[in-house]
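# A look at the structure
Listed here are the chains, written in short residue letters.
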Protein chains: 4
Amino acid sequence: MNHKIKAILKAAATVMSQKGFEKATMDEIARMSKVAKGTLYYYFQNKENLFLQLTLSIFDELERRTQEIVTAVGTAAERMARLIRDQVDFFSEYREEVSLILGDFVGSTLPRESFRSRLQDYYSLIGRLIEEGIAAGEFREVDSWTAATALFGMVSVATFHWLLNSPGMDRKKLAEELVNLALHSLAR
Amino acid sequence: MNHKIKAILKAAATVMSQKGFEKATMDEIARMSKVAKGTLYYYFQNKENLFLQLTLSIFDELERRTQEIVTAVGTAAERMARLIRDQVDFFSEYREEVSLILGDFVGSTLPRESFRSRLQDYYSLIGRLIEEGIAAGEFREVDSWTAATALFGMVSVATFHWLLNSPGMDRKKLAEELVNLALHSLAR
Amino acid sequence: MNHKIKAILKAAATVMSQKGFEKATMDEIARMSKVAKGTLYYYFQNKENLFLQLTLSIFDELERRTQEIVTAVGTAAERMARLIRDQVDFFSEYREEVSLILGDFVGSTLPRESFRSRLQDYYSLIGRLIEEGIAAGEFREVDSWTAATALFGMVSVATFHWLLNSPGMDRKKLAEELVNLALHSLAR
Amino acid sequence: MNHKIKAILKAAATVMSQKGFEKATMDEIARMSKVAKGTLYYYFQNKENLFLQLTLSIFDELERRTQEIVTAVGTAAERMARLIRDQVDFFSEYREEVSLILGDFVGSTLPRESFRSRLQDYYSLIGRLIEEGIAAGEFREVDSWTAATALFGMVSVATFHWLLNSPGMDRKKLAEELVNLALHSLAR
DNA sequence: CATGAATGAGCATTCATTCAT
DNA sequence: TATGAATGAATGCTCATTCAT
């Protein structure tokens, strides 16, 4: 991928996640990516599209990683633990991009349709892992869809508030606490 | 409270939660509240302040209800169950307002300071209940702050996605699933 | 009509007719009418609409005057003579506005629909006068629609080129030359 | 002439006459001529110049044809009749290009200087024919300059409105009506 | 108390033009 | 000779805010 495109996406991620989609200006994104404003429009149709490109690449990465973990060998509990640790890492690493996506998603009563279906796909991944665990007798009989969204919420919200309040706890400790809570919530 | 103020707050809640803070215009809020645009500025310093008034009343309500539940008599587990059921109700009832607040909160790395501290207060309420449960030997020894944010995320995210995707499951069932997951995650 | 609206319309007429619709900027119109740019949008939806308001008022005025002349008492030839003299006056008086309308009309293969029908109406007025003259035996048997457009073209184009090249000839003389040509073209 | 230049001029004629000079973009012209955008600037100084080249070739053609008719043998009336028939044909054939030029010309009070003088030249051609007719005793004593512009307006406006409203009348009939009106207006 | 006409800073977007290759 | 990536000045339009009445 073109090096200017990368610079633009990086700058967009920074500016938009700091100020939110609406308050971020194309001027500032251009300035930060050291590209003329026209260049933004040479590579992206408009602000909305720039936002979309940015977010879809994050979704791709998240799905890719999760897919890999979920389909690995091991007990459901082991994979669930790995998944939660990876989510903590992911949210930390892509903090800016993820908060941007989530903010957009939560903030409007009618979220962007493209997000909605991507997120559904993502929940399905988690849901299937839970169902496998139930089938294998590792997990209790819970509603897999509710549990999937609940676990995602648990990890994402806890991680974000940890990031925002940068407490004394280190990341490893946070991840282990969350793994622990999650596995107990599912355990027989 | 003056009936014009009420009309304005009501209109602001509707418009802002439908379109988000940025896209909501003072013009539309004035039109919907059947008040002249100048009147908005007679009663509220500016758009930001109107948003804040609106928002804080929601926080007040949430805290009031939670406070009441947390300080009620009963085991920690009983109170936790009640709290989760109430959160599901609250998020359903104030869906638009809550999504407005959360969207604003999550959507930028630099959230409004007033929200941040209010949310901290709220987490403390939950955190204390968890600590009580631990002290009483009802709950495992978990990090209360992590558990508080995790439980809040679990309930809020699951409820929002349930609202968005309006599935076959009824609200009661959702609440019980979440209570179940939460209590298991904390149980010894 | 509001005094600011008048100032805006006047300025728009001047700027747009000097530079054409596209090259005229809202900034310049605002500057010339000594009104803030926002005020233009307070009174007119957009540039297009400002243009339309401007031109429709001209059409109204032209039709009003022509209507009056055509329906007056007198022979068809007398009224035709008066009509042509009035057109010369009108085009001179509203030079800017008229050149703006005509330019837009001629300049695009698909002229604004609102203009098209207005102009049709106007031709009908002239066409009916010609038909009256034919019926009364004053004029030859010509196709009234062709003659109406031809006479309009004759007067408008000649007057405009006279205005552009501000020659030695005075307006009265020009009008009489055109009356003369027109009546001869129709005379038995 | 280079075949790329031809392609560009052809595309420019199409795009500009459809959308007008301002709304036509160099991008679209490049796309339609299947040439890179830079190539437009290799062969033409700028957009204005491209427009001019295009335009002048139309003027050349019109003047060439008119010149030929005016200087042919025959009575002034015969040549005038031929001239008018040819104008109807010309405006029909080059409808788009002519409307482009005329729209630009009429649309602003400050028309491109190059057009102005070309049009003056063209009027002179017609004017001289009228003067010949007067001298030969065929035409009445009219002001030749006024008559020239009047006749041009008559034919052009009538033809354009005929084109726009594509009525039942055929072109031959239109031309004969106009010849008839013109000759009567000049006849002794 | 309440109004709404008027404002102007701010922003997304367009597009003619340039220039290194 | 030909290209197309890159530019940035220019422009239409929005909207929170003010203030005279």
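Reading the values: the criteria
- Residues numbered from 1 in each chain as written.
- Chains lettered and ligands numbered in written order.
- Predicted model: local features only at pLDDT ≥ 70, side-chain atom pairs only at ≥ 80, totals over all residues.
- Heavy atoms only, no water.
- Near = heavy atom within 4 Å.
- Helix = DSSP H or I, 4+ residues; strand = E, 2+ residues; numbered from the N terminus.
- Nonpolar A, V, L, I, M, F, W, Y, C, P; charged D, E, K, R; others polar.
- Least-squares fit on C-alpha atoms with pLDDT ≥ 70 in both.
- Contact = heavy atoms within 4.5 Å.
- Buried area = accessible area lost by both parts, 1.4 Å probe.
- Salt bridge = Lys/Arg side-chain N within 4 Å of Asp/Glu carboxyl O.
- Polar contact = N/O pair within 3.5 Å; in protein donor to acceptor, adjacent residues only side chain to side chain.
- Buried < 20%, exposed > 50% of the residue type's maximum accessible area, 1.4 Å probe, protein only.
- Phe/Tyr/Trp six-rings, centres within 6.5 Å; stacked < 30°, edge-to-face > 60°.
- Lys NZ or Arg CZ within 6 Å of the ring centre and 35° of its normal.
- Axes fitted to C-alpha atoms, helices over the stretch in contact; angles between N-to-C directions.
- Left-handed = near helix turned anticlockwise from the far one by under 90°.
- Domains from an automatic or database assignment.

Turning our eyes to something else, we now look at the protein's contact with DNA strand F. Taken together, the neighbourhood of DNA strand F is formed by 30 residues, with Thr39, Tyr42 and Tyr43 of chain A together with Thr39 and Tyr43 of chain D sitting nearest. Sugar plus phosphate, as a fraction of atoms of DNA strand F within 4 Å of the protein: 69%. Breaking the surface near DNA strand F down by element, the ones donating at least two residues are helix 3 (37-43) of chain A, helix 3 (37-43) of chain B, helix 3 (37-43) of chain C together with helix 3 (37-43) of chain D. When grouped by side-chain class, the residues that make up the surface near DNA strand F number 14 nonpolar, 8 polar and 8 charged.

Rotating chain B by 179 degrees and moving it 0.4 Å along the rotation axis overlays it on chain A with an RMSD of 0.6 Å. The relationship between the two copies is best expressed as a two-fold rotation axis. The share of interface residues of chain B whose copies in chain A are also at the interface is 92%, consistent with both copies meeting through the same surface.

Contacts between the two partners involve 50 residues from chain B and, on the opposite side, 49 residues from chain A. Across the chain B/chain A interface, buried area totals approximately 4000 Å², and carbon plus sulfur atoms make up 63% of it. Where chain B packs against chain A, one counts 2 salt bridges. The closest approach of N and O atoms between lysine 23 of chain A and glutamate 22 of chain B, which form a salt bridge, is 3.4 Å. The interface formed by chain B and chain A includes 14 residue pairs in polar contact (both at pLDDT 80 or more). Elements that contribute at least two residues to the side of chain B that touches chain A include exactly helix 1 (3-23), helix 6 (95-107), helix 7 (113-135), helix 8 (144-165) and helix 9 (171-186) of chain B. With 14 residues, helix 8 of chain B is the single largest residue contributor to the side of chain B that touches chain A. Partitioned by chemical class, the residues of the side of chain B that touches chain A number 24 nonpolar, 16 polar and 10 charged.

Around DNA strand E, a shell composed of 30 residues is seen, among which Thr39 and Tyr43 of chain B together with Thr39, Tyr42 and Tyr43 of chain C lie nearest. Counted by atom, the contact set of DNA strand E within 4 Å of the protein is 71% sugar and phosphate. One of the side-chain N or O atoms of tyrosine 41 of chain A is found 3.0 Å from a phosphate oxygen in DNA strand E.

On the chain D side, the residues contacting the 49 residues of chain C number 50 residues. For the chain C and chain D pair, buried surface summed over both sides reaches about 4000 Å², with 63% attributable to carbon and sulfur atoms. Summed over the shared surface of chain C and chain D, the number is 14 residue pairs in polar contact (both at pLDDT 80 or more). The greatest single-element share of the side of chain C that touches chain D, amounting to 14 residues, is contributed by helix 8 (residues 144-165) of chain C.

With that settled, consider unusual backbone geometry. Residues and elements named next belong to chain C. Phi at lysine 34 takes a positive value of approximately 55 degrees, unusual for a residue other than glycine. If you trace the backbone, lysine 34 turns up in the loop between helix 2 (26-32) and helix 3. Residue class for lysine 34 comes out exposed when judged on its relative accessible area of 78%.

Residues and elements named next belong to chain A. Mapped onto the fold, valine 88 is located in helix 5 (residues 76-93). Given a relative accessible area of 0%, valine 88 falls into the buried group. For the pair valine 88 and alanine 175, spaced 87 residues apart in sequence, the C-alpha separation works out to 6.3 Å. Sequence-distant contacts of valine 88, that is, excluding residues within four places in its chain, are made with Val155, Thr159, Arg171, Leu174, Ala175 and Leu178.

Now for the packing of aromatic side chains. Tallying each qualifying case throughout the model produces 41 aromatic pairs over all chains. Between phenylalanine 91 of chain C and phenylalanine 160 of chain C the ring centres are 6.0 Å apart and the planes differ by 40 degrees, which places this aromatic pair in the tilted class. One end of the pair, phenylalanine 91 of chain C, is in helix 5 (residues 76-93); the other, phenylalanine 160 of chain C, is in helix 8, and 69 residues separate them in sequence. By the burial criterion, phenylalanine 91 of chain C is buried, and phenylalanine 160 of chain C matches it. One aromatic cluster in this structure is built from Phe90, Phe91, Tyr94, Tyr122, Tyr123, Trp145, Phe152 and Phe160 of chain A. Positioned above the aromatic ring of phenylalanine 21 of chain B is the side chain of lysine 47 of chain B, whose terminal nitrogen or guanidinium carbon lies 4.7 Å from the ring centre.

Our next topic: the relation of the copies chain C and chain D. Mapping chain C onto chain D calls for a rotation angle of 179 degrees and an axial translation of 0.4 Å; the resulting RMSD is 0.6 Å. Mapped onto chain D, 94% of the interface residues of chain C again fall at the interface, so both copies present the same surface.

Take the environment of aspartate 143 of chain C next. With respect to the secondary-structure elements, aspartate 143 of chain C resides in the loop between helix 7 (113-135) and helix 8. Sequence spacing of aspartate 143 of chain C and glutamate 131 of chain C is 12 residues, and the spatial spacing of their C-alpha atoms is 8.8 Å. When near neighbours in sequence (up to four residues on either side) are disregarded, aspartate 143 of chain C contacts Met169, Lys173 and Glu177 of chain D. At 2.7 Å, the side chain of aspartate 143 of chain C and the side chain of threonine 146 of chain C are in polar contact.

All names here are of chain B. Interaxial distance between helix 5 (residues 76-93) and helix 8 falls to 10 Å at its minimum, and their mutual angle equals 40 degrees. For the crossing formed where helix 5 meets helix 8, the hand is right-handed. Across from Met80, Ile84, Gln87, Val88, Phe91 and Ser92 in helix 5, the residues of helix 8 making contact are Leu151, Phe152, Val155, Ser156, Thr159, Phe160, Trp162 and Leu163. Here the residues of the contact of helix 5 with helix 8 are counted per class, giving 10 nonpolar, 4 polar and no charged.

Let's shift gears to the domain arrangement of chain A. Residue and element names in this part refer to chain A. Here the domain parsing of chain A yields domain 1 (1-44) and domain 2 (52-186). One C-alpha centre belongs to domain 1, the other to domain 2; they are set 28 Å apart. Across the contact, 8 residues belong to domain 1 and 7 residues belong to domain 2. For the pairing of domain 1 and domain 2, the buried interface totals around 660 Å² over both sides, and the portion due to carbon and sulfur atoms is 68%. Among the residues domain 1 hides against domain 2, the three largest losses belong to Leu9, Ala13 and Ser17. Together they make up 54% of the total. Along the contact surface separating domain 1 from domain 2 lie 0 salt bridges. Where domain 1 meets domain 2, there are 1 residue pair in polar contact (both at pLDDT 80 or more). For the side of domain 1 that touches domain 2, the per-class residue count stands at 6 nonpolar, 2 polar and no charged.

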